[in-house]
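Chain residues, written in single-letter form:
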Amino acid sequence: MPHAKITGLNLYPVKSCRGIAVESVTITDTGFAFDRRWMVVDENGRFQTQRELPRLAVIHTQLSDGRLRLSANDMPDLVVGDPGQGERRAVKVWSDQCSGLD
């Protein structure tokens, strides 16, 4: 039987933004903890991807004390709180209508 070898682990807290190399992960019912818990949406609530906005790839993500810090060259940092907090709003991911937290 072939053996698999894990050579690296990465978390992507914000869908389509730069990932974070990690030594270990916590696995939850929905996958890696804090992986793709946030996403960028447009004014109509439609999620955005690197395919449409390639510059999302230059946004650095960092997790600390349950908060997310976003940074990019020549921009002030943005700190976002717990993804479980916020006002509910309709969002669209591909063809699925969902509920997200602003």
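Anything mentioned here points back to the structure above.
These notes cover the structure that comes with them. (Residues numbered from 1 in each chain as written. Predicted model: local features only at pLDDT ≥ 70, side-chain atom pairs only at ≥ 80, totals over all residues. Heavy atoms only, no water.)

1. Section: the pattern of salt bridges
Scanning the entire structure with this criterion turns up four salt bridges. Ionic pairing is found between R89 and D102, a salt bridge with its closest N-O pair at 3.9 Å. Of the two residues, R89 sits in strand β8 (residues 88-93) while D102 sits in the segment after β9 (96-101), which places them 13 residues apart along the sequence. Assessed through its relative accessible area of 27%, R89 is described here as partly exposed. Overall, D102 belongs to the exposed group, its relative accessible area being 62%. (Salt bridge = Lys/Arg side-chain N within 4 Å of Asp/Glu carboxyl O. Helix = DSSP H or I, 4+ residues; strand = E, 2+ residues; numbered from the N terminus. Buried < 20%, exposed > 50% of the residue type's maximum accessible area, 1.4 Å probe, protein only.)

2. A short note on the sheet that holds strand β6 (residues 67-71)
Strand pairing in a sheet is mediated by backbone hydrogen bonds. Such pairs are either parallel or antiparallel. The sheet built from three strands is open, its strands ordered β5-β6-β7 with antiparallel pairing. Every other strand in the sheet has two partners, leaving β5 (60-64) and β7 (78-80) as the edge strands with one partner each. The sheet shows a mean angle of 25 degrees between the axes of neighbouring strands, taken without regard to direction. Here β5 pairs with β6 via five bridges, running antiparallel. (Pairing = 2+ DSSP bridges. Axes fitted to C-alpha atoms, helices over the stretch in contact; angles between N-to-C directions.)

3. Brief notes about the environment of M1
Along the chain, M1 turns up in the segment before β1 (9-11). For M1, a relative accessible area of 92% puts it in the exposed group. With 84 residues separating them along the chain, M1 and Q85 place their C-alpha atoms 45 Å apart.

4. Quick look at unusual backbone geometry
One non-glycine residue with positive phi stands out, namely S16, at about 80 degrees. Secondary-structure assignment places S16 in the loop between β1 and β2 (20-22). Since its relative accessible area comes to 15%, S16 is described here as buried. Although it is not a glycine, F34 adopts a positive phi angle of roughly 70 degrees. By secondary structure assignment, the location of F34 is in the loop between β4 (31-32) and β5. Owing to a relative accessible area of 33%, F34 belongs among the partly exposed residues under this scheme.

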